Amino acid sequence: MGYDLKRGLYFAADTGLLDVPEIYTTTRAALRGGAVMVQLRSKNLPPREITSIAREMVAVCDEFGVPLLVNDFPRVALKAGAAGVHVGQTDAAVAEAREVLGEAAIIGATTPTSAAVRLAEAEEADYVSAGPMFRSPTKPHKPVAGPELARELRPLTSLPLCVIGGISAENAHELAGCGIDLVCVISAISGADDPQRAAEEIIEAMAAAGVAS
């Protein structure tokens, strides 16, 4: 199934925060709430187990016609039938991921600097990503780049710009005017008592601020 890259809320489901089957139920809730893309993140499991989870996640996302990306592992994404992969600064290069997954795959790249943006664009990434925008519960010791980084990177590329890191309904308005296309959220949805409503509230806050809407 081919997918277009849409603007909006991007949910990252992290196996460090959600166990099985919670990761499936929370992802389904985020999708009901309006997420337009999902990423499976797993820093603590072996590739074989990530592949198994990813296959189930593909099935969940397919119910909503939404693409699933796998963080870090292009070959896991390929085996699971995922729509693509997100690669970080220490992961496989965009060009390598493209070689594994093909031209139709969605490939995103973490790009904390102007040089990283230029490289991602040269290697034909589908979107670039900057963060953390705010203090992130998943990476509490990582320095906050802030919305200023998004404003700095936006003029450098015509690729869709994703932001990540500590984003919630309460602070989404601070991203106004940054030219953002995707807002990636982890903890504000995963840790919510009602993940669907949390997703809806973030999207409402984004719309009110004119962010990725």
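Here the structure is shown first, and the text comes after it.
Predicted model, so just to flag it, every value in this text is computed and none were measured. (Residues numbered from 1 in each chain as written. Predicted model: local features only at pLDDT ≥ 70, side-chain atom pairs only at ≥ 80, totals over all residues. Heavy atoms only, no water.)

1. Observations regarding the pattern of salt bridges
In total, this model carries 9 salt bridges according to the counting rule given. Its salt-bridge partner being R7, residue D181 comes within 2.9 Å of it at the nearest N-O pair. Residue D181 is located in the loop between strand 7 (161-164) and strand 8 (182-185), and its partner R7 is located in the segment before strand 1 (8-14); the two are separated by 174 residues in the primary sequence. Here R28 makes a salt bridge to E63, at a shortest N to O gap of 2.9 Å. In this pair, R28 is assigned in helix 1 (residues 22-32) and E63 in helix 2 (residues 47-63), connecting sequence segments 35 residues apart. (Salt bridge = Lys/Arg side-chain N within 4 Å of Asp/Glu carboxyl O. Helix = DSSP H or I, 4+ residues; strand = E, 2+ residues; numbered from the N terminus.)

2. Details of the sheet that holds strand 8
Strand order in the closed barrel made by the 8 strands is 1-2-3-4-5-6-7-8, with parallel pairing throughout. If you compare each strand with its neighbour and ignore which way they point, the axes differ by 25 degrees on average. Both strand 2 (residues 37-41) and strand 3 (residues 68-71) contribute to a ladder of 3 bridges, which runs parallel. For L40, the partnering residue across the bridge sits in strand 3 and is V70. (Pairing = 2+ DSSP bridges. Axes fitted to C-alpha atoms, helices over the stretch in contact; angles between N-to-C directions.)

3. Some remarks on a positive patch on the surface
A cluster of like positive charges, contributed by R48, R55, R75 and K79, occupies part of the molecular surface. Among the secondary structure elements, those contributing two or more residues to the positive patch are helix 2 and helix 3 (74-80). With respect to the secondary-structure elements, R75 resides in helix 3. (Patch = residues over 30% accessible without salt bridge, like charges linked within 9 Å, V, L, I, M, F, W, Y side chains within 5 Å. Areas by Shrake-Rupley, 256 points an atom, 1.4 Å probe, with all protein chains shown as cover. Lys, Arg positive; Asp, Glu negative; His and termini not counted. Charge placed at Lys NZ, Arg CZ, Asp CG, Glu CD.)

4. Section: the packing of helix 1 against helix 2
Packing of helix 1 against helix 2 brings their axes to within 10 Å, and their N-to-C directions diverge by 25 degrees. The angle between helix 1 and helix 2 places the two elements in the roughly parallel class. Taken as a pair, helix 1 and helix 2 cross one another with a handedness that is right-handed. Contacts between helix 1 and helix 2 pair I23, Y24, T27, R28 and L31 from the former with S52, I53, E56, M57, V60, C61 and E63 from the latter. When grouped by side-chain class, the residues that make up the contact of helix 1 with helix 2 number 7 nonpolar, 2 polar and 3 charged. (Parallel < 35°, antiparallel > 145°, perpendicular 65-115°, else oblique. Left-handed = near helix turned anticlockwise from the far one by under 90°. Contact = heavy atoms within 4.5 Å. Nonpolar A, V, L, I, M, F, W, Y, C, P; charged D, E, K, R; others polar.)

5. Side note on the pairing of strand 6 (residues 127-130)
Residues Y127 and S129 of strand 6 are buried on one face, and the alternating residues V128 and A130, pointing to the opposite face, are buried as well. As defined by bridge partners, strand 5 (residues 106-110) adjoins strand 6 across 3 bridges and the pair is classed as parallel. Pairing of A109 across the sheet is with V128, part of strand 6. Considered for its hand, the β-α-β crossover made up of strand 5, helix 5 (residues 114-122) and strand 6 is right-handed. For strand 6 and strand 7, the ladder comprises 3 bridges, and the chain directions are parallel. In the sheet register, A130 faces strand 7, and the bridge partner there is V163. (Buried < 20%, exposed > 50% of the residue type's maximum accessible area, 1.4 Å probe, protein only. Right-handed = clockwise from strand over helix to strand, strands pointing away.)

In short, the description is geometric, and any link to function would need to be established separately.
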